[in-house]
Amino acid sequence: MSDEHVSAIADVTRDPEEVQRRIDQWAQSFADKAERYRSVQEKTQQIRLSASGANGAVRVTVGADGTVHDLQFSDKIRSMPLEELSSQVLSTIRRAQGGISERVGEVMAETLGDEDAETRAVMLDNLRRQFPPQEEDSDEDDEVDEVQPPPARQPQPTRPAQ
């Protein structure tokens, strides 16, 4: 430890009120950081990404954890061989999931700014490995887009027994 650091520590410890003020600042900065990460978590849980397959026969919506929240078929599937349909469902799921890391990165940047760039990089790299971005097929008219999740269900009031 340099003489400069020792001197700074000695100066602080001479004033107990300054020590308490610095501890309070430090504790508040951790509380603020925890709140920002809670906000990221809440926003991330609301992410919904959708993708459509070839000719609009299949549409899939996934959450930030990759879970399928919605799967829709158009009438076009009636004439599709089952193997083609199952292949299209899986590729459309992967395409929707492929946008997760980008969208989570946007949420983190909006909420955290430049804070914890290393942590963000590790998290996003993990998401990219789990849900790699998919290349667009030129013969398919698919797009990945963000959709709003349905509003949370409000519990219905219960009537007292009579």
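The structure under discussion appears in the preceding block.
Every chain's residues receive numbers from 1 upward, in the order its sequence appears when written. In keeping with the predicted nature of the model, local features appear solely for residues at pLDDT of at least 70, side-chain atom pairs appear and are counted solely at 80 or more, and the whole-chain, interface and lining totals rest on all residues. Hydrogens and waters are ignored; side-chain quantities use all the structure's heavy atoms.

Side note on the layout of surface pockets
Definitions used throughout: a 1 Å grid over protein atoms alone; a cavity as a set of points that fits a 1.4 Å probe which cannot get out; a pocket as an open set with protein on both sides within 12 Å along at least five of seven lines; a lining residue as one with an atom within 4 Å of a point. Grid points are joined across faces, edges and corners, and a volume is the space filled by probe spheres set on the points. Here the largest pocket defines a volume of roughly 250 Å³. Taken together, 15 residues form the lining of the largest pocket, with Q41, T44, Q45, A64 and D65 sitting closest to its centre. Of all the elements in the fold, those that place two or more residues in the lining of the largest pocket are α2 (16–45) and α5 (117–130). Numbering goes from the N terminus for both helices and strands, where a helix is a DSSP run of H or I of at least four residues and a strand is a run of E of at least two. By residue number, the principal contributor to the lining of the largest pocket is α2, which donates five residues. We call Asp, Glu, Lys and Arg charged. Ala, Val, Leu, Ile, Met, Phe, Trp, Tyr, Cys and Pro are nonpolar, and the rest, Gly among them, are polar. Taken together, the residues of the lining of the largest pocket break down into seven nonpolar, six polar and two charged.

A short note on the nonpolar core
Nine residue types can take part in a nonpolar core, namely buried Ala, Val, Leu, Ile, Met, Phe, Trp, Tyr and Cys, and a core is a set of them joined through side-chain atoms within 4.5 Å. Using a 1.4 Å probe on the protein chains alone, a residue whose accessible area is under 20% of its type maximum counts as buried, one over 50% counts as exposed, and one in between counts as partly exposed. Core analysis: the largest hydrophobic core is formed by 22 residues, its most contacted members being I47, V58, V62, I100, V104, M108 and L127. Those elements giving two or more residues to this core turn out to be β1 (48–52), β2 (58–63), α3 (82–97), α4 (100–112) and α5. It is α4 that provides the largest number of residues to this core, a total of five residues. Only heavy atoms matter for contacts: two residues are in contact if any of them lie within 4.5 Å across the pair. Setting aside its immediate chain neighbours within four residues, V62 contacts I47, R48, L49, T67, V68, H69, A96, Q97 and I100.

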